[in-house]
Amino acid sequence: MGYVKNQQGDTPVFEMLEPRFLLSATTYVVDSLADVVDSDGVVTLREAIQAANTNQAVNEAPAGGWSGADIITFDQDALELDAGPGNPLTITLNGTQLGVTRDLEIRGLGSDVLTIDADGRSRVFHISGSGTEVELIDLTITGGFTSDGGGGIENSATLRLTNSRVSGNVTAGVSYAARGGGIFNDSTAALALTNSTVSGNSAANGGGIYSFVGEVTLVNSTVAGNLAIWQGGGIYSASGPLTLSNTIVALNNAMGSSGILGDFTGGGNLLGVDPGFVRNPYAGADDVWGTGDDDYGDLRLSEGSLAINLGDDALAVDSSGDPLTTDSDGDPRIALGRVDVGAYEYQ
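Residues numbered from 1 in each chain as written. Predicted model: local features only at pLDDT ≥ 70, side-chain atom pairs only at ≥ 80, totals over all residues. Heavy atoms only, no water.

A word on the pattern of salt bridges
Here comes step 1: Under the definition given, this model contains 11 salt bridges.
Here comes step 2: For Arg333, the salt bridge identified is with Glu345, shortest N-O distance 2.8 Å. One end of the pair, Arg333, is in the segment after β32 (298–301); the other, Glu345, is in the segment after β32, and 12 residues separate them in sequence.
Here comes step 3: Using a relative accessible area of 1% as the deciding quantity, one classes Arg333 as buried.
Here comes step 4: A network of salt bridges, in which partner residues are shared, links Arg123, Asp148 and Glu154. (Salt bridge = Lys/Arg side-chain N within 4 Å of Asp/Glu carboxyl O. Helix = DSSP H or I, 4+ residues; strand = E, 2+ residues; numbered from the N terminus. Buried < 20%, exposed > 50% of the residue type's maximum accessible area, 1.4 Å probe, protein only.)

Considering the sheet that holds strand β7 (residues 104–107)
Here comes step 1: A sheet is described by the order of its strands in space; here nine strands give the open sequence β3-β4-β7-β10-β14-β18-β22-β26-β29, paired in parallel fashion. Here the strands that pair on one side only, and so sit at the sheet edges, are β3 (27–30) and β29 (265–267). Going from strand to strand, the sheet's axes swing by 10° on average, the running direction of each strand aside.
Here comes step 2: In this sheet, strand β22 (residues 215–219) lies alongside strand β18 (residues 190–194) in parallel orientation, the contact comprising five bridges. When the sheet's bridge partners are listed, Leu193 is paired in β22 with Leu218. (Pairing = 2+ DSSP bridges. Axes fitted to C-alpha atoms, helices over the stretch in contact; angles between N-to-C directions.)

Let's talk about the packing of aromatic side chains
For any pair of aromatic rings, geometry is given as the distance between the ring centres together with the angle between the planes.
Here comes step 1: For the structure shown, the criterion picks out four aromatic pairs.
Here comes step 2: Ring centres of Phe184 and Tyr210 lie 5.8 Å apart, and the angle between their planes is 20°; this geometry places the pair in the stacked category. Of this pair, Phe184 sits in strand β17 (residues 183–185) while Tyr210 sits in strand β21 (residues 209–211), and the two are 26 residues apart along the sequence. The two residues Phe184 and Tyr210 agree in class, both being buried.
Here comes step 3: Here a set of aromatic residues connected by ring pairs shows up, and it is made of Tyr176, Phe184, Tyr210 and Tyr236.
Here comes step 4: The ring of Trp66 carries Arg102 above its face, with NZ or CZ at 5.1 Å from the centroid.
Here comes step 5: One cation-aromatic arrangement involves Arg179 over Phe212; the distance from NZ or CZ to the ring centre is 5.6 Å. (Phe/Tyr/Trp six-rings, centres within 6.5 Å; stacked < 30°, edge-to-face > 60°. Lys NZ or Arg CZ within 6 Å of the ring centre and 35° of its normal.)

Description of helix α1 (residues 45–54)
Here comes step 1: Among the 10 residues that make up α1, eight are buried, leaving the element largely enclosed by the rest of the structure.
Here comes step 2: When α1 is considered as a whole, its buried residues turn out to be Leu45, Arg46, Glu47, Ala48, Ile49, Ala51, Ala52 and Asn53.
Here comes step 3: Of the residues trailing α1, Asn55 is marked for its positive phi of about 55°.

Topic: the sheet that holds β21
Here comes step 1: Taken together, seven strands build an open sheet; the order of strands is β6-β9-β13-β17-β21-β25-β28 and the sheet is parallel. The open sheet is flanked by β6 (98–100) and β28 (260–261), the only strands paired with a single partner.
Here comes step 2: Examined bridge by bridge, β21 and strand β25 (residues 235–237) share three bridges and lie parallel to one another. The partner of Tyr210 across the bridge, within β25, is Tyr236.
Here comes step 3: Strands in contact with α1 are β6 and β9 (125–127); relative to β6, the strand with the most contacts, it is inclined by about 25°. (Contact = heavy atoms within 4.5 Å.)

Looking at a nonpolar patch on the surface
Here comes step 1: Together, Val174, Ile229, Trp230 and Met255 make up an exposed nonpolar region whose accessible area comes to about 400 Å².
Here comes step 2: Among the structural elements, Trp230 can be located in strand β24 (residues 227–231).
Here comes step 3: You can call Trp230 partly exposed: its relative accessible area is 32%. (Patch = residues over 30% accessible without salt bridge, like charges linked within 9 Å, V, L, I, M, F, W, Y side chains within 5 Å. Areas by Shrake-Rupley, 256 points an atom, 1.4 Å probe, with all protein chains shown as cover.)

With respect to unusual backbone geometry
Here comes step 1: The phi dihedral of Asn195 falls on the positive side, at around 50°, and the residue is not glycine.
Here comes step 2: Among the secondary structure elements, Asn195 is positioned in the loop between β18 and β19 (197–199).
Here comes step 3: The backbone of Asp287 shows a phi angle near 55°, a positive value even though the residue is not glycine.
Here comes step 4: With respect to the secondary-structure elements, Asp287 resides in the loop between β31 (277–279) and β32.
Here comes step 5: Owing to a relative accessible area of 57%, Asp287 belongs among the exposed residues under this scheme.

Points about the pairing of strand β8 (residues 114–117)
Here comes step 1: Of the two faces of β8, both are covered, the one formed by Leu114 and Ile116 as well as the one formed by Thr115 and Asp117.
Here comes step 2: Where strand β5 (residues 89–92) and β8 come together, four bridges link them in parallel fashion. Among the inter-strand pairings, Thr92 is bridged to a residue of β8, identified as Asp117.
Here comes step 3: Sheet analysis places β8 next to strand β11 (residues 140–142), joined by three bridges and oriented parallel. For Ile116, the partnering residue across the bridge sits in β11 and is Ile141.

Topic: the side chain of Asn201
Here comes step 1: Along the chain, Asn201 turns up in the loop between β19 and β20 (202–205).
Here comes step 2: Given the relative accessible area of 0%, Asn201 is considered buried.
Here comes step 3: Within polar-contact distance, the side chain of Asn201 engages the backbone nitrogen of Gly168 at 3.3 Å.
Here comes step 4: Leaving out residues up to four positions away in the same chain, Asn201 has contacts with Val166, Ser167, Gly168, Asn169, Gly181, Gly182, Gly207, Gly225, Asn226, Leu227 and Trp289. (Polar contact = N/O pair within 3.5 Å; in protein donor to acceptor, adjacent residues only side chain to side chain.)

Some remarks on the confidence of the model for the protein chain
Here comes step 1: When the pLDDT values of the protein chain are averaged, the result is 93; 93% of them are 70 or greater.
Here comes step 2: In this model residues 1–21 is a low-confidence stretch, pLDDT under 50, and it forms 19 contacts with partners more than four residues away in sequence or in other chains. (pLDDT = per-residue confidence, 0-100.)

Listed below in structure tokens is the structure:
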């Protein structure tokens, strides 16, 4: 509601004005590890996502913009203060997944610094919406649990994971619906991983990744130590294009097709052999992923690894086709004259 003066005097004449929307993208700064929606003087990740989804303010989180992808960042100093001295920076979800329905970038602090943990009570992320494009950068996604596809992430849109880890997620059950322990990629969806790892996830089919008709591309990524009860311990591609470039798929387990089930293209890969990690993933004494004794391993390359200098430099490019300059740790992508295979470059 606004007003204008009439032509005869100063008496205000009230008129309905057109609503004003923020046209440019919004950048959010998350400064709390809590998973609440409350007017409490801080911005949580859930509040920022809801504001971006709806283009309306949610407590201290301003409205999202109508043009371009909104961006979520994190205030490391504030999060460290929230966590307390020496404690990890972990956002533990409240039992409800994080749903993203509009274009969004979530820029973490490093996969070894910031973790989003569903604590075994829900899926971590569900990405959906016609034409929606989302990028998750420098995050660890863990603790997801569901029975209907995508313990860590269910993707029904376009999703890019960069410098991120998807570990310790479970899609429970033995039926066909229990697919994609780490990531479930739905029909018509597009999934791209760059400098990222998928390890220690489990499902009936597609322990690490399950793709149903949609498109999947992995560049300089590592899929290791995942478990499927039936098929596709590492990756199960039911249909749709699967492209692997400079990627490790190894040490996964299943009753059939322990590594990859489905046709794929690409090159420069290391598949089905022990690549020589610093420390292999280990499900613990109970041999069950998603329990307290899991060790997702250290998937960096040890001296003498078969993956060193095995890749194809021409395939080490990001989703825009630009050459990769760093690995998952932020170290030089090519250190010894030729690109390595996997998420990490031996330095």
